[in-house]
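# Observations on chain architecture
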Amino acid sequence: MNGVNAMPAPDCIFCKIVNGELPAEKVYEDDRIIAFKDISPKAKIHILAVPRQHITSLATLQPDNSALISHLMMQLSKIAREQGLPEGFRTVINTGPAGGQLVNHLHAHILGGSKLTVM
Ligand code: 5GP
Ligand code: ZN
């Protein structure tokens with residue numbers, strides 16, 4: 001861990017879900033990440049995968065976050081498969097206000113379950 005991304009952020013919804021202070025419909029967890037259903041799904045299946053550690057966004061990643069981020073990426077297809085998306089899925093990571101990021105705790109959206117439009 002490092003100084004920028006080390007501590008839970010006091011008002012962070014996703015830190016509260018990680019800590020069990022707020023409920024969420026978890027679909028996957030391990031020692032480094034958790035995945036849960038989005039409260040307001042934008043596709044038939046909409047999962048959020050987040051590191052347990054509070055990292056604000058891709059823009060604040062530090063070199064010593066690389067193993068954690070690699071682990072997060074490596075689990076996405078496994079989580080998608082387990083959620084019934086063997087044919088494919090979309091991942092989205094919004095970054096910063098101009099990128100549409102509303103929750104400032106790094107997360108990957110996993111979307112699928114119906115044919116998504118080509119981007
Ligand atoms: P962003 O726009 O930051 O990339 O996406 C944040 C996502 O978090 C949104 O899709 C929103 O529906 C979801 N979200 C916000 N608050 C909660 C919550 O309390 N619980 C869950 N499960 N999802 C949330
Ligand atoms: Zn957080």
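Here we summarise the structure given alongside this text. For clarity, every value in this text was computed on a predicted model and none was experimentally measured.

A few words now on the site of ligand 1. Around ligand 1, 18 residues are found, and the nearest of them are Asp-38, Gly-100, Leu-102, His-107 and His-109. Measuring from an oxygen atom of ligand 1, one finds a side-chain N or O atom of Asn-94 at 2.9 Å. Gly-100 places a main-chain nitrogen or oxygen 2.8 Å from an oxygen atom of ligand 1. When ligand 1 is considered free in solution it has 520 Å² of accessible area, and contact with the protein chains removes 85% of it. The set of elements that each furnish at least two residues to the shell around ligand 1 consists of helix H1 (13-19), strand E2 (33-37) and strand E3 (45-51). A total of three residues in the shell around ligand 1 trace back to one element, the largest contributor, which is H1. Per-class residue counts for the shell around ligand 1 are eight nonpolar, seven polar and three charged.

Next up on the list: helix H2 (residues 66-82). With 17 residues, H2 extends 25 Å between its outermost C-alpha atoms, agreeing within 8% with the 24 Å of an ideal straight helix rising 1.5 Å per residue. For H2, the principal kink sits at Leu-76 and spans about 30 degrees. Of all the positions in H2, only Leu-68, Ile-69, His-71, Leu-72, Gln-75, Leu-76, Ile-79 and Ala-80 are classed as buried. On its buried side, H2 packs onto strand E1 (26-29), E2, E3, strand E4 (90-92) and strand E5 (108-112). Phi turns positive one or two residues past the end of H2, at Gly-84, with a value near 90 degrees.

Let us look at the environment of Ser-70. Here Ser-70 lies in helix H2. A relative accessible area of 38% places Ser-70 in the partly exposed class. With 49 residues separating them along the chain, Ser-70 and Met-119 place their C-alpha atoms 25 Å apart.

Turning to the side chain of Asp-30, a few remarks are in order. Turning to its location among the elements, Asp-30 is positioned in the loop between E1 and E2. No salt bridge is formed by the buried Asp-30. Its closest oppositely charged neighbour is Arg-32, at 5.1 Å. Among the polar contacts made by the side chain of Asp-30, one reaches the side chain of Tyr-28 at a distance of 2.7 Å. Within the structure, the side chain of Asp-30 is placed 2.7 Å from the side chain of His-71, a separation counted as a polar contact. With near-sequence residues (within four places) excluded, Asp-30 lies in contact with Arg-52, His-71 and Gln-75.

So, about the coordination of the zinc ion (ligand 2). Those protein atoms acting as donors to the zinc ion (ligand 2) are Cys-12 (SG), Cys-15 (SG), His-54 (ND1) and His-105 (ND1), and they sit at 2.0 to 2.3 Å. Here the donor residues of the zinc ion (ligand 2) are spaced in sequence according to C-x2-C-x38-H-x50-H. With Cys-12 in the segment before H1 and His-54 in the loop between E3 and H2, the pair connects residues that are 42 residues apart, well separated along the chain. His-54 shares its class with Cys-12; the two are buried.

Take the pattern of salt bridges next. One pass over the full model with this rule turns up five salt bridges. The shortest N-O distance in the salt bridge between Arg-52 and Glu-29 comes to 2.9 Å. Separated by 23 residues along the polypeptide, Arg-52 in the loop between E3 and H2 and Glu-29 in strand E1 bring together distant segments of the chain. The partly exposed category is assigned to Arg-52, whose relative accessible area is 26%. Among the salt bridges present, the one from Asp-31 reaches Arg-32, with a minimum N-O distance of 3.7 Å. Asp-31 gets classed as exposed once you look at its relative accessible area, which sits at 61%. Each of the salt bridges in this network shares a partner with another, and the network as a whole consists of Lys-26, Glu-29 and Arg-52.

Criteria and thresholds
- Residues numbered from 1 in each chain as written.
- Chains lettered and ligands numbered in written order.
- Predicted model: local features only at pLDDT ≥ 70, side-chain atom pairs only at ≥ 80, totals over all residues.
- Heavy atoms only, no water.
- Near = heavy atom within 4 Å.
- Polar contact = N/O pair within 3.5 Å; in protein donor to acceptor, adjacent residues only side chain to side chain.
- Areas by Shrake-Rupley, 256 points an atom, 1.4 Å probe, with all protein chains shown as cover.
- Helix = DSSP H or I, 4+ residues; strand = E, 2+ residues; numbered from the N terminus.
- Nonpolar A, V, L, I, M, F, W, Y, C, P; charged D, E, K, R; others polar.
- Expected span 1.5 Å × (residues − 1).
- Bend = angle between axes of the 7 residues up to and from the residue.
- Buried < 20%, exposed > 50% of the residue type's maximum accessible area, 1.4 Å probe, protein only.
- Contact = heavy atoms within 4.5 Å.
- Lys, Arg positive; Asp, Glu negative; His and termini not counted.
- Salt bridge = Lys/Arg side-chain N within 4 Å of Asp/Glu carboxyl O.
- Donors = N, O, S within 2.8 Å, 3.2 Å for Na, K, Ca; no water.

On their own, these measurements won't tell you what the molecule is for.
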